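Breakdown of the fold
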Amino acid sequence: VLIKEANCLHGGGCRPGEERVVVVKRPAKAVHPNVLVMKNAGLINLFTKIRDETTGAAEFVQYSKRIMRLLAEETAAVLPSRSITVHTPTQVRYKGQLSVIDTNPEKVCLVSIIRAGDSLLESFREIFPGVTVGKMWIQRNESSASKEAVHSCTKLPPGIHEMEAVVLCDPMLATGGSSMTALHTLVKEYGVKPERIVFANVISCPEGLDALAKDFPEVKIVTAWVDDGLNEEKFILPGLGDYGDRFFNTT
Ligand code: PRP
């Protein structure tokens, strides 16, 4: 990798003009028993735009919203659903199904991990405006080697443990520290059953999926893309940099 700017996206410590070899460590086995990786043919175009370091903030928002809308629909499809027969204008009985987020959106709680998770939460709400919302403020400690998650604040609706589904929203899964902190809070402190939780995610990696598989195998994960792995700074590669900074234009 040829470093062009001091504040490059490869994890810090890079100097302009320097060449760096980026080592991607792959865990021996990176599987999650409940992961759904999206297959939409349009994703390659959209990801190419948001990965490109020359894509500016406005375009990053535009293209990532296109991905997040697809992700929201894919997530709706794994939530509890019921069969329903409708009559088409051509007088045909059609046996279909509707997700709980369409029939009873108030029984679905979306929980965003602030800050980047708010971008995904809002894409869901553009499609499903009647959902219930909760938030957790969890940030990676970027000055430590392990990038452990720091949990500052939680605001969840009463009765969240009785909801039909809880959708955890965070566009990035790197080490898994942030999402596991959120899941521990939901399950251990708020009594949400893991099998009722779906983690909606734009970009993941084997290390993060592996970590979630160990502690939360029952939690479903819907991810738009699984990347190669993490670098020594715990950044996803090839990745797209810091999603929150790029989406909220704070780089
Ligand atoms: C990013 C991202 C996830 C987390 C993923 O957030 O949005 O929440 O890191 O990394 P992990 O799996 O190793 O925990 P960050 O803490 O940078 O905050 P931000 O949303 O404000 O950018």
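What comes next is a walk through the structure. (Residues numbered from 1 in each chain as written. Predicted model: local features only at pLDDT ≥ 70, side-chain atom pairs only at ≥ 80, totals over all residues.)

Section: helix α6 (residues 206–215)
Within the span of α6, buried status applies to P206, E207, G208, L209, A211 and L212. Those residues of α6 hidden inside the fold are in contact with β1 (35–37), α5 (177–189), β8 (197–204), β9 (220–226) and β10 (229–230). (Buried ≥ 20, exposed ≤ 12 C-beta atoms within 10 Å, placed from the backbone. Helix = DSSP H or I, 4+ residues; strand = E, 2+ residues; numbered from the N terminus. Contact = placed C-beta atoms within 7 Å.)

Concerning the site of the ligand
Around the ligand, the surrounding shell holds 23 residues, and the nearest of these are A116, A174, T175, S178 and G244. Looking at the shell around the ligand, the elements with two or more residues in it are β5 (132–140), α5 and α7 (243–247). For the shell around the ligand, a count of residues per class yields eight nonpolar, eight polar and seven charged. (Near = placed C-beta within 6 Å. Nonpolar A, V, L, I, M, F, W, Y, C, P; charged D, E, K, R; others polar.)

Quick word on the nonpolar core
Formed by 61 residues in total, the largest nonpolar core has its most connected members in V111, V166, L168 and C169. Among all residues touching C169, those that are not within four sequence positions of it are L110, V111, S112, I113, G117, L120, L121, F124 and A200. (Core = buried A, V, L, I, M, F, W, Y, C linked by C-beta atoms within 7 Å.)

Comments concerning the packing of helix α2 (residues 57–78) against helix α4 (residues 117–127)
At their nearest, the axes of α2 and α4 sit 9 Å apart, and the two run at 60° to each other. By the criterion of interaxial angle, the relationship of α2 to α4 is oblique. For α2 against α4, the interelement crossing comes out right-handed. Between α2, through S64, K65, M68, R69 and A72, and α4, the contact on the second element is made entirely by S119, L120, S123, F124 and I127. Split into classes, the residues belonging to the contact of α2 with α4 amount to five nonpolar, three polar and two charged. (Axes fitted to C-alpha atoms, helices over the stretch in contact; angles between N-to-C directions. Parallel < 35°, antiparallel > 145°, perpendicular 65-115°, else oblique. Left-handed = near helix turned anticlockwise from the far one by under 90°.)

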